[in-house]
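# Results of the structural survey
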Amino acid sequence: MYNRPPIDLALYAIVTKAIPPYRVMLSELLTNSRSSRAATCSNSQRALKRAWERLRKVPLHGSYSTDVSRWTCDCGSQKYHANLLCKHLVQAVGPLPADWWPTVIRFHIPPFYTVPIDGSIAPAPETMRDHAWIPRMRGKRSAIIRRQPERALPDEDTSGYDSDVNIPSVRGRASSPITSSPDKAPHTGTSGIPRTCTEDGSEYELEDADSLDSDELENCLATAIEIVQEQSKNPDPRFLNHAKRHALRGAIRWVCSHNLRPVPNLEDLPVEDLIRFLEDALTLFQTLRDQMDTGGIQDIKERLRGALQWVADIEHLESRRTMPRTNVHPRPGNVIGYRYRERP
């Protein structure tokens, strides 16, 4: 019957079956039929409230310049937060009324939230409508500049020059409108080594690649000395015992082989002797770094591979105290028993 209904049946079905649900939905949209109920938070508002309540419980260390009216703080952690929050701003605002959370809106320009300050709420910094950001962008110059067409360079009069060198005529084009910035990092290749470009556009590695490896080894030995000195008073012996038996074993053997000394028993090696071995390794490397070629530096880097990984794991472990969510996972053996550095 409903495959090809007659006109009267089709009109009856539209009036009695199709139109009433749309009328009910339109009435609910125009008039709030649930005005007596408490407003509920959206998913983004609930996420903001959870992050806010979590930051309220974090203890404060140090003092920072905080401006709640502009929603800025110089602690540096606000830009890493998904909701542009930091514990200093949250705790400076204090507790918020329960009816504010269902009405909170994140704006695109600061202040990003209309937080109630002393019982009053500041006006919204922008109008939340579609394409509201377009008027703000009209006053800015586009980064895309139209390139000038190719043009022939004018021929210079070289009749007055006395030269035996034949200078060919060059047909070029205007230089690129994008100029390099002194604050911009140089181009890097796939290996992370800085690269530069020649006149023909080809890339080549810098000549000081060996000095980069040498600086890395020297900084590694200096950092290892500082770590051992800091951990000398660590009541947990597992950290230094593992460092002597595994991580710093290559550095000790390298010093002993160069000075023609027998390798000591690493199990009973005192901390003072361990520091002395590392200082000898640093002094020896500083003496030999200018006399070695690329092969010699790579050989020492292979001997000190355990120390390099050990220092890198400790530095990553210290950085995880302020940035707990990272993609770096230190080796458990290198950091077990480690005591964190005291912060001011």
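Residues numbered from 1 in each chain as written. Predicted model: local features only at pLDDT ≥ 70, side-chain atom pairs only at ≥ 80, totals over all residues. Heavy atoms only, no water.

### With respect to the overall build of the protein chain
Our working definition: Here a helix means four or more residues in a row that DSSP labels H or I, a strand means two or more in a row labelled E, and each is numbered from the N terminus. The contact criterion used is simple: two residues touch if any of their non-hydrogen atoms lie within 4.5 Å. Shrake-Rupley sampling with a 1.4 Å probe provides the accessible areas, and residues are treated as covered by the protein chains on show and by no other component.
If you tally the helices and strands in the protein chain, you get 11 helices and 4 strands. For the protein chain, long-range pairs separated by at least 24 residues make up 52% of all intrachain contacts whose partners lie at least 6 apart in sequence. Element-wise, carbon and sulfur atoms account for 52% of the exposed surface of the protein chain, whose accessible area totals about 25,700 Å².

### Concerning the nonpolar core
What counts, and what does not: Nonpolar cores were defined as sets of buried Ala, Val, Leu, Ile, Met, Phe, Trp, Tyr and Cys residues, with membership established by side-chain atoms within 4.5 Å. Note on exposure labels: buried denotes an accessible area under 20% of the residue type's maximum, exposed denotes more than 50%, and partly exposed covers the range between, all computed with a 1.4 Å probe on protein chains only.
Among the nonpolar cores identified, the biggest contains 39 residues, and V228, L248 and W310 are the most heavily contacted of them. Those elements that place two or more of their residues in this core are α5 (209-230), α6 (238-247), α7 (249-258), α8 (271-288), α9 (294-303) and α10 (305-319). Ranked by residues supplied to this core, first place goes to α8 with 9 residues. Here V228 is in contact with L240, L248, V271, L274, I275, L278 and W310, once residues within four sequence places are set aside. Counting 21 residues, the second largest nonpolar core, distinct from the first, contains C86, V93, V104 and Y113.

### Here we look at the confidence of the model for the protein chain
Keep this limit in mind: Think of pLDDT as the predictor's per-residue confidence, scored from 0 to 100.
Here the protein chain averages 76 in pLDDT, while 71% of its residues score no lower than 70. Under a pLDDT of 50 for its full length, residues 167-207 has, in the predicted model, 38 contacts with residues more than four places off or in other chains. Below pLDDT 50 for its whole length, residues 323-327 participates in 1 contact with residues either more than four positions away or in separate chains.

### Re a nonpolar patch on the surface
Using the following cut-off: Think of a patch as exposed residues, more than 30% relative accessible area, with no salt bridge, where like charges cluster within 9 Å and nonpolar side chains (Val, Leu, Ile, Met, Phe, Trp, Tyr) cluster within 5 Å. We define a salt bridge as a side-chain nitrogen of Lys or Arg found within 4 Å of a carboxyl oxygen belonging to Asp or Glu.
A cluster of nonpolar side chains, M25, L26, L29 and L30, forms an exposed patch at the surface whose accessible area comes to about 480 Å². Here L30 shows up in helix α1 (residues 7-30).

### Notes on the packing of aromatic side chains
Selection rule: Here the aromatic set is Phe, Tyr and Trp, taking the six-membered ring for Trp, and pairing holds for ring centres within 6.5 Å; pairs whose planes are under 30 degrees apart are stacked, those over 60 apart are edge-to-face, and all others are tilted.
Here the structure, examined in full by the defined rule, presents 7 aromatic pairs. Members of the aromatic cluster, connected to one another through ring pairs, are W52, W71, W100, W101 and Y113.

### So, the pattern of salt bridges
Taken as a whole, this structure holds 10 salt bridges when the rule is applied. Between D215 and R289 there is a salt bridge, with its nearest N and O atoms 3.0 Å apart. Taken as a pair, D215 in helix α5 and R289 in the loop between α8 and α9 lie far apart in primary sequence, 74 residues in all. Given a relative accessible area of 19%, R289 falls into the buried group.

### Topic: α8
This is how the line gets drawn: Here the expected span of a helix is defined as 1.5 Å times the quantity of residues minus one.
In a regular helix each residue adds 1.5 Å, so 18 residues correspond to 26 Å; α8 covers 26 Å between its end C-alpha atoms and thus fits that length. Considered for burial, the residues of α8 that qualify are L274, I275, F277, L278, A281, L282, L284, F285 and L288.

### Some words on the environment of G306
Turning to its location among the elements, G306 is positioned in helix α10. Among the residues examined, G306 registers a relative accessible area of 31% and is labelled partly exposed. In this structure the C-alpha to C-alpha distance between G306 and A247, which are 59 residues apart in sequence, comes to 4.6 Å.

### Side note on the side chain of Q231
Cut-off, in case you're wondering: Polar contact is the term for a pair of N or O atoms within 3.5 Å; when the atoms are in protein, one must be able to donate a hydrogen and the other to accept it, and sequence-neighboring residues count only if both atoms are side-chain atoms.
Tracing the backbone through its elements, the reader meets Q231 in the loop between α5 and α6. One polar contact links the side chain of Q231 to the main-chain carbonyl oxygen of R339, over a distance of 2.8 Å.

### Remarks on the packing of α6 against α10
Put simply, the rule reads: Interaxial angle, 0 to 180 degrees, is taken between N-to-C directions of lines fitted to C-alpha atoms, where a helix line uses only the stretch in contact. What sets the label is the angle itself: under 35 degrees gives roughly parallel, over 145 gives roughly antiparallel, 65 to 115 gives roughly perpendicular, and the rest give oblique. Here the nonpolar group is Ala, Val, Leu, Ile, Met, Phe, Trp, Tyr, Cys and Pro; Asp, Glu, Lys and Arg are the charged ones; every other residue, Gly included, is treated as polar.
Remark: α6 packs on α10, axes separated minimally by 10 Å, with the N-to-C direction vectors making an angle of 150°. Accordingly, the angle class assigned to the pair α6 and α10 is roughly antiparallel. Across the interface between the two elements, F239, A243 and A247 of α6 pack against G306, A307, W310 and I314 of α10. Among the residues forming the contact of α6 with α10, the class breakdown is 6 nonpolar, 1 polar and no charged.

### Quick word on the state of the cysteines
What counts, and what does not: Note that a disulfide, as used here, is simply two cysteine sulfur atoms within 2.5 Å.
Considering all chains together, one arrives at 0 disulfides under this definition. Cysteine C86 shares no disulfide, and the gap to the nearest cysteine sulfur, in C73, comes to 3.8 Å.

### As for unusual backbone geometry
In this structure, P111 follows P110 across a cis peptide bond, with omega equal to -5°. Mapped onto the elements of the fold, P111 is located in the loop between α3 (87-93) and α4 (134-137). Phi is positive for W71, close to 60°, though the residue is something other than glycine. Even without being glycine, L84 reaches a positive phi, approximately 55°.

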